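# Architecture and fold: a report
The residues making up each chain are set out below.
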Amino acid sequence: MSEFCTRVETETSPEETWRRLWDLDRHTAVIPLTTVTPHPPATRLGAGVGFTGRTALGSLGFDDVMRVVEWSPPSDAASGRAVVDKVGRVVGGRIEVTVASLRHGSRVTWRQTVRLPWLPRPLRWIEALAARVMAPGYRRAIRTLLA
């Protein structure tokens, strides 16, 4: 398993940053070729809720299946924190996100492990390469989500 971490600062409040960051419709609008939906009966994210990002071009695609493990939105007294397990057959790992208050806005720290469960053990070095390739794309997506 490999990991990357990206940090993004914004002028929006921690509460607004959290709302934008976890709005699944915004993810669908921002991430190319991907539709993100919560698993019924959920209509929004929270602890225990599953959701899927379906990335496809025509009939070729894959599902990135995830489940929210921890969900603590920011408050006046504390930073927000979410933990999401990626439990799909194609992409696995964990996402840990914090939203902290700054003097004039907030900071998002997005830490993600990347696991490709279908990859044979001798080729696990590809996970590190995937993490390096994914990091700039995630940073760009997070900035767009927060705009």
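Read on for a plain summary of the structure. The structure presented is a predicted model; accordingly, all values stated were derived computationally and were not measured.

Time to look at the pairing of strand 4 (residues 60-72). Pairing of strand 3 (residues 50-57) with strand 4 involves eight bridges; the strand directions are antiparallel. Within strand 4, the residue paired with G50 across the bridge is R67. A loop of two residues connects strand 3 with strand 4, the two strands running antiparallel in sequence, and G58 in this loop sits at a positive phi of about 70°. Relative to strand 5 (residues 80-87), strand 4 is paired through six bridges, and the arrangement is antiparallel.

A few words on the sheet that holds strand 1 (residues 2-10). As summarised here, the arrangement of the seven strands in space is 1-7-6-5-4-3-2, forming an open sheet in which the pairing is antiparallel. With one partner strand each, in any of the chains shown, strand 1 and strand 2 (34-38) form the two edges of the open sheet. Neighbour-to-neighbour, the strand axes of the sheet open up by a mean angle of 20°, direction not taken into account. The sheet contact formed by strand 2 and strand 3 spans five bridges and is antiparallel. What sits directly across from T34, in strand 3, is T55.

A pair of packed helices is captured by two measures, namely the crossing angle of their axes and the spacing between those axes. Close contact between helix 1 (residues 14-21) and helix 3 (residues 125-146) brings their axes to 8 Å; oriented N to C, the two are set at 115°. Of the two elements, helix 1 crosses helix 3, and the hand of that crossing is right-handed. Touching T17, R20 and L21 of helix 1 are I142, L145 and L146, all from helix 3.

We now examine a nonpolar patch on the surface. Nonpolar side chains collect at one region of the surface, where L123, W125, L129 and V133 lie side by side and expose about 410 Å² of accessible area between them. Structurally, L129 can be placed in helix 3.

This part covers unusual backbone geometry. The linkage connecting P40 with the following residue, P41, adopts the cis geometry, with an omega of 10°. Considering the arrangement of structural elements, one finds P41 in the loop between strand 2 and strand 3. Despite not being glycine, L33 has its phi angle at roughly 60°, a positive value. Inspection of the secondary structure assignment puts L33 in the loop between helix 2 (24-30) and strand 2.

Turning to helix 1, a few remarks are in order. Regarding helix 1, the residues found buried are P14, T17, W18, R20 and L21. Take helix 1 and look down its axis: the buried residues cluster within an arc of 165°, on one side only.

Summarising the element assignment, E16 is placed in helix 1. A residue is classified by how much of its surface remains accessible, and E16, at 23% relative accessible area, is partly exposed. Residues E16 and R107, 91 residues apart in the sequence, show an inter-C-alpha distance of 12 Å.

Turning our eyes to something else, we now look at the nonpolar core. Proteins that are soluble and globular tend to have nonpolar side chains buried together. Judged by nonpolar contacts, the single largest core of 28 residues is most densely connected at L21, W22, F51 and W110. Contributing elements (two or more residues each) for this core: strand 1, helix 1, strand 4, strand 5, strand 6 (92-102), strand 7 (105-115) and helix 3. Of the residues forming this core, the biggest block, six residues, is contributed by helix 3. Setting aside its immediate chain neighbours within four residues, L21 contacts H27, V97, V99, V108, W110, I142, L145 and L146.

Calculation criteria
- Residues numbered from 1 in each chain as written.
- Predicted model: local features only at pLDDT ≥ 70, side-chain atom pairs only at ≥ 80, totals over all residues.
- Heavy atoms only, no water.
- Pairing = 2+ DSSP bridges.
- Helix = DSSP H or I, 4+ residues; strand = E, 2+ residues; numbered from the N terminus.
- Axes fitted to C-alpha atoms, helices over the stretch in contact; angles between N-to-C directions.
- Left-handed = near helix turned anticlockwise from the far one by under 90°.
- Contact = heavy atoms within 4.5 Å.
- Patch = residues over 30% accessible without salt bridge, like charges linked within 9 Å, V, L, I, M, F, W, Y side chains within 5 Å.
- Areas by Shrake-Rupley, 256 points an atom, 1.4 Å probe, with all protein chains shown as cover.
- Salt bridge = Lys/Arg side-chain N within 4 Å of Asp/Glu carboxyl O.
- Buried < 20%, exposed > 50% of the residue type's maximum accessible area, 1.4 Å probe, protein only.
- Arc of directions from axis to C-beta.
- Core = buried A, V, L, I, M, F, W, Y, C linked by side-chain atoms within 4.5 Å.

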